[in-house]
Structures are given as structure tokens and as C-alpha cells.
Amino acid sequence: MNTSSLQTPIDYLKGVGPSRAEVLRKELGIHTYQDLLNLFPNRYIDKTKYYKVTEIERNSAEIQLVGKITHLKTVGEKRGKRLVADFVDETGKIELVWFRGHKWLKDSLKINVSYVVFGKVNWFNNSVSMPHPDMELLQEHEASIKMAMQPIYPSTEMLSKRGISNKVLSKMLQQLFSESKQGFTETLPQSILQELKLISKSEAILNVHFPQSPNKLALAQYRLKFEELFYIQLQLLLKNMLHKQKIKGFPFTEVGSYFNEFYQNHLPFELTNAQKRVIKEIRSDLGSNAQMNRLLQGDVGSGKTIVALMACLLALDNRFQTCLMAPTEILAIQHYQGLSELCEKLPIKIALLTGSSKTKQRREIHESLEDGSLHILIGTHALLEDKVKFKNLGLAIIDEQHRFGVAQRSKLWHKNTLPPHVLVMTATPIPRTLAMSLYGDLDISVIDELPPGRKAIRTVHRFDSNRLKVFRFMRDEIEKGRQIYIVYPLIQESETMDYKDLMDGYESIVRDFPTPKYQISIVHGQMKPADKEFEMNRFVKGETQIMVATTVIEVGVNVPNASVMIIESAERFGLSQLHQLRGRVGRGAEQSYCILMTGHKLSKDSKTRLETMTRTNDGFEIAEVDLKLRGPGDIMGTQQSGVLNLRIADIVLDNDILKTARYYAKKMLNEDPKLEQADHEVVKETYRLMGKHKNIWNYIS
Ligand SMILES: Nc1ncnc2c1ncn2[C@@H]1O[C@H](COP(=O)(O)OP(=O)(O)OP(=O)(O)O)[C@@H](O)[C@H]1O
């Protein structure tokens, strides 16, 4: 079967019929033969393996037993009524339990005849039961085993109810295989198959659905994972290449007085090598004829702001305006203050536009933007309003991209004849594996070096019962002139409860750190923006020593004198969030500390998170652990990308396959950039997938 016949609607498959076809489409997104083939099993069960009752462990998953029912009785009343069978093998006894279908079962189950039962077990004290097991007479079971490894498809109760059980899916696949006697057209280039000694498409597809042996299954899975990742990489690389050829940008050919004057006379510090390298990368993009689309990754405090400014100065040298968009008002204000300070001695006009800007200010901003006298506009998504019209926007810098949707981003560059250059900055380190798959179509710059003189933040984990000691430590630090953050979780579902935690915490701090000796700020999401800003500013100016806050201070806030970060209920935070919060300290020359406070009851994952935080300060390492703990779907911003709807590969576990796939995709495009030499099926597959992942293409166009 070639790729075209595989596009046959699923209704045409014998045994499917219109109503099943409808369920397949709706519940599993299966429209075509190809979609059905690509419904890969979640896992496999070894149907030849029987457990003994005494071998069942507390963490046993689904198991298969062979034995006899010795006794059958109905127990309980009304809704608690259930049918219970004593099931014994030569080693012991378990209970089989049914809450539905008692009568029919009671009549049909046979006493003292050998059955094979299969299902999940429950433990209650020291006894084991198996609710609603799959039952088969031993005789029939043995006759029906065709494969040792039985595939289990991702199915739901809903599917079974509507007639599509695991068995039915297997039957449909069998039918599909019998209709494609010649096998399936190869979709990987011969050269790659040979070099990597991969098995053919037909063999792989057959073995993944009907494994002939565990070894064959492993080969089949490898080949299909490789193929999936290879095509994703190929399309990302191709897209990047096409983009560079097609999307023209404004070439910033001049490096003039703004850039040079600042670089030579106003740099407040020596740039790190990483900063220099990244500025060079940006300069080379901006100087070309193509539109820049660059992701700038840098750990918290690595110095992204100065890099952003240097890019702005290049735009100015070429008589273009720039905008910088931040996700929150506090951050926008901070960028505004930071850049204004850095540009103090240069003839540059910078303005701030947020939701709280007054009408008069807005009017002035709109006018000066349109006549070109305003050079840099900083703000929140207020920048996206239709009224905001630039005379000539040449560069858009977006801080913390994961908070902006795709549609919002593209709005920015519809304000121009040509799209402006785009620099996306993020302090959330994205693990390299993920970055490769997600942003293969963006160029990536990484600031992987912290400014000199920074002392590593010391992180410790303390239980709530040690609070008095922590308070003592806080007093000592304040005595030395330092400032302290105390952060409480704020998770939307339980906002009121969190709010109470925060207020209780605040009151206890006020009691233990009384005025006038101590001054305390408080900032949380329920405050008016102006009040928040007022409190924040008191802390920034050093008028208060303690800042009690929710995670509103998570991103970007820069108070170099703050040297202690205390995170309350630290077990409730994700790893990357803990790392972001910790990044609020350690920004000055003093030794900084992060104290993670928790209760004694901690889950295994919480322990791993706390242990990771106390072990390392490296954002990338933390991001890797985070990815392993949470899976890519949970990492901010990845859900909408669509790239991660992988059918068989796993972005974390199959990291090595991903690297190999990327290497071969690159090699193929280097040798044959337009895929002119490629096999017809390879080209077709590539373009088919390119159409499918439209949402990635929107990233740029
Ligand atoms: N090369 C350098 N040498 C010394 N100090 C530097 C250097 N680069 C930046 N800094 C200082 O380091 C601090 C952090 O820089 P910046 O605010 O740009 O970090 P960032 O990457 O934006 O971090 P975050 O994402 O946490 O906001 C600032 O106080 C800045 O002045």
C-alpha cells in the first residue's frame, strides 16, 4: 500500500461500518487507514506469563493468574451489593469482585474449572482482590494465544461501550494487513535504512501491532520512533531554510553612533564572553536580508537586558523603532527603568505603555510613535492595541514568550510592510532536547555564563518546625543590611486558601519582626496595580527589609541587595518555578541564600525537586529534571505547539534517537536542500507532515 492508498477513509475498511467509523474519528482522531496504522499500542502484555498468588506484590500492575473458583456469593446491600468469588491457585487465594452484572455472571461462572483471569489488583490490609477481571476458560485461552505479546491500545471505557474494545481494534488492524498483502511503501531513504540497519516499514508496522518476538518489537519501535523524529526534524529545518530564503527583513547594515557610542563609552560593565557571542549572532542576523527570528535563552540573572539594548541600538542606527513587550506590568516598568538608566547619556526617547497609562500619556505616545520621534516603546500587551502604530518598527523584543499566544505575537508584525526582526527572550531554560523539537525553526542563542563575581546561591531545605531558627537567620541578615523575600504559593484552584496562608504568614512575620525596627512590604495578585507598584518600589528602594509576596514576583524583578529567598510550602511549586524564584536573589555581590520550607509529609516527586534545588544552581540541569518529572506537555508553552503530539517517540526517553534523527535530517538537507534527489515517498511524507503541523508554521508567518 502506498501513501495515497493509505489516505483511504476508514469507513471503507471491512468490519468498520459508519457508526464505528464515527467513533474512531471522534474519539481517536482516526480518519484514514494511515491513522489506524499509526495508532500505536501503549504497552504490551505477555499473555504466556502466569503469576502465582504468592508472587503478587503491592506495586504489581495488571497480572494474569490461572486457578479455579471455589466459592461464589453475593454480599452487601443496595449500592454496595457485589458478587465475590474465591479464586485459588496452588499457592493461595484472592477475591474476584464484580459490582455489576451479578446475575448473569453467577449463572455462567463455573466452580472448580480452570480459568485464566487478568486484571489490576487491589490491596486492602493484607488481602488482595481483582475487580472486574477479564475471564477466560484455560482451555479456550490456550487455544486463542497467537501472540505472546498482546498489544494494548490507548482506549477508554467510552470506546469499549461503543463497541471498540482492544480486541476490535486488533481485528481492524488484522483486516487492514490482509488488504495490503504487498506490504507498505517504504518512507525512509534507502541510504539511511542501510546505514542505521533499520528494518523496513512493512516489517516495522506489522511487528508493532503483531509482535513476532520481543526482539522484533524492539527493532520495530526503534525504526518507527526514528522515522517520526526524523520527519519532524526535517520539516523544522526545511521551514527554517525556506523562511530565511523567503521572508525578507529590513537589513540593518549600519553600525553607527548609537551602538558605538554606547559600546565605547557607556557600558556599565565588561560584557561576558557569552554576551559578546550572542550580540555577534544577533548582529549577523540583523545585517542579513532575512528577517531575524531568534530565541535568546539565558538563565536568571545572566544579563539578557544589555543584549536586548544593544539590539535596540542597532535598530536606531538604521533609523528604525523598537518595542519591548513584557508579560506583566511590574516587569515592563522594570525594563523601562533599566533601559532608561542605561541610555541616560544618549539622545534616545523611551516610553512606557501599560494598561494603566493615562489617556493623555497614551495620546502623546501614539503621536510620537507615528511621527517617529519615539525610539523605544516598552510595555505589556497594551502594545498590541490597534491604536498603537509605529512609523517604522524594525525590531520587536518579546520577554518571556511563553506567556503570549501565537496570535498575539503575529499581531505585532502585521503593523508593518515587512515583518520586524524578532528577538524572543526567555529565562526559562528549555532543555536542549525540547528546544530542538520545539524551536528547530527558530535560531537559538544561549547566554551560558553568569557575570563575574557572582557567588553561587546556597540553597537549603528546612522543615516548618525549624522556623524559629530561620527567623534568627533572617534577623542576622537584616542586621547586615540585606533584604529578604518570603514567597507563598498561589495556585488558582485554591486561591482563597492560598490567600489565607499568605495573610496568616504576613501576620506572623509582622509579630516577629515588629515596626519600627523592621519594615515589611506585601504584594499579591488581589491588590490594585498602583498599590502593588508602591509596595514593590518601597522594597526596591530599600525602605522595607522584608517582602512578603505571592509568585507575582516570579519573573524578572531585580533587587541586587535582596540576598535571602524563603519559599513557603516549597513542595507545592514546580521545579522551574522554584528556580525562577531563587533567581530573584544572588544578583548582587553578597552571598545569597534560598530556604525551601516544607512540612514533613513529602511525596517522592517533591523530594526529588527539593533535592535537585539544593544540589544545583544550573538552570539547564534543573530543566532536564523537570522535564523528566513532569513530561513535556506540562512545560509551559509546549502544549500549544503541537510538535509534541508524538505518536510513538518520547521526547525524554528517546533523546538519543532524536539526536540521530536530527543529524540525518541535517545531512539530507545539506546534500539536497530542495529534496530534488529524494525518493518520491520521502518528499510526499515531508510535505504531508508540513501541512499537518500548521501551528508551528504560524509561529513565524
Ligand atoms: N557582564 C556583566 N557584568 C556584570 N554585571 C552584569 C553583566 N551583565 C549583566 N549584569 C548585571 O546582572 C544583573 C542581571 O542582569 P539582567 O537583569 O539583564 O538579567 P536577566 O538575564 O534579564 O535575568 P532575569 O531573567 O532574571 O531578569 C543586572 O543587575 C545587570 O546589571
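Rules behind the numbers
Residues numbered from 1 in each chain as written. Predicted model: local features only at pLDDT ≥ 70, side-chain atom pairs only at ≥ 80, totals over all residues. Heavy atoms only, no water. Disulfide = S-S within 2.5 Å. Buried < 20%, exposed > 50% of the residue type's maximum accessible area, 1.4 Å probe, protein only. Core = buried A, V, L, I, M, F, W, Y, C linked by side-chain atoms within 4.5 Å. Helix = DSSP H or I, 4+ residues; strand = E, 2+ residues; numbered from the N terminus. Contact = heavy atoms within 4.5 Å. Pairing = 2+ DSSP bridges. Axes fitted to C-alpha atoms, helices over the stretch in contact; angles between N-to-C directions. Near = heavy atom within 4 Å. Polar contact = N/O pair within 3.5 Å; in protein donor to acceptor, adjacent residues only side chain to side chain. Areas by Shrake-Rupley, 256 points an atom, 1.4 Å probe, with all protein chains shown as cover. 1 Å grid on protein atoms, 1.4 Å probe; cavity = no way out; pocket = protein on both sides within 12 Å on 5 of 7 lines; lining within 4 Å. Sits in = over half its atoms within 2 Å of the grid points. Nonpolar A, V, L, I, M, F, W, Y, C, P; charged D, E, K, R; others polar. Salt bridge = Lys/Arg side-chain N within 4 Å of Asp/Glu carboxyl O.

J.: Looking at this structure, how should I read the state of the cysteines?
T.: What is meant by a disulfide is a covalent connection between two cysteines, made through their sulfur atoms. Taken as a whole and judged by the stated rule, the model has zero disulfides. With no disulfide partner, Cys323 has as its closest neighbouring cysteine sulfur the one in Cys312, 8.9 Å distant. Taking relative accessible area as the criterion, Cys323 reaches 0% and is therefore assigned buried.

J.: Looking at this model, I keep getting lost on the nonpolar core. Mind explaining?
T.: In globular proteins that are soluble, nonpolar side chains generally tend to be buried together. Among the nonpolar cores identified, the biggest contains 38 residues, and Ile282, Val307, Leu313, Ile348 and Ile397 are the most heavily contacted of them. Only helix H10 (257–266), helix H11 (273–287), helix H12 (304–317), strand S13 (376–379), strand S14 (393–399) and strand S15 (421–426) provide two or more residues apiece to this core. Counting residues per element, this core draws most heavily on H12, which supplies eleven residues. Each residue touching Val307, except ones within four places of it in the same chain, is listed here: Gln275, Val278, Ile279, Ile282, Leu296 and Ile447. Counting residues in hydrophobic clusters, the runner-up holds 34 residues, among them Val16, Leu39, Ile164 and Val208.

J.: I would appreciate a short explanation of the sheet that holds strand S3 (residues 82–88) in the present structure.
T.: Spatial ordering of the open sheet is given by S6-S7-S4-S3-S2-S5-S8, a layout of seven strands whose pairing is mixed. The sheet is open, and its two edges are formed by strand S6 (122–124) and strand S8 (134–137), each paired on a single side. With direction set aside, neighbouring strand axes in the sheet form an average angle of 40 degrees.

J.: For this particular structure, what's the right way to read the site of the ligand?
T.: The environment of the ligand is made up of 19 residues, and the closest members are Gln275, Gly301, Lys304, Thr305 and Arg454. In this structure, a nitrogen atom belonging to the ligand sits 2.9 Å away from a main-chain N or O atom of Glu270. A distance of 3.0 Å is found between an oxygen atom of the ligand and a backbone nitrogen or oxygen belonging to Gly303. Against a free-state accessible area of 630 Å², the protein chains account for coverage of 82% of the ligand. Because more than half of its atoms lie within 2 Å of the grid, the ligand is assigned to the second largest pocket. Each residue belonging to the shell around the ligand can be placed in one class, and the counts come to five nonpolar, eight polar and six charged.

J.: Whenever I open this one, the pattern of salt bridges confuses me. Can you help?
T.: Pairing between side chains of opposite charge can happen when their charged atoms approach one another. With the rule as written, the count across this model stands at 26 salt bridges. Across the pair Glu203 and Lys216 runs a salt bridge, and its minimum N-O distance is 3.4 Å. Remark: Lys216 occurs in helix H9 (residues 214–246) and Glu203 occurs in helix H8 (residues 201–209); sequence separation between them is 13 residues. The exposure class of Lys216 is partly exposed, given its relative accessible area of 25%. A salt bridge links Glu270 to Lys276, with the nearest nitrogen and oxygen atoms 3.6 Å apart. Judged by relative accessible area, Glu270 falls into the exposed class, the value being 62%. Taken together, the salt bridges that share partners define one network made up of Arg277, Glu281, Asp285, Arg294 and Asp448.

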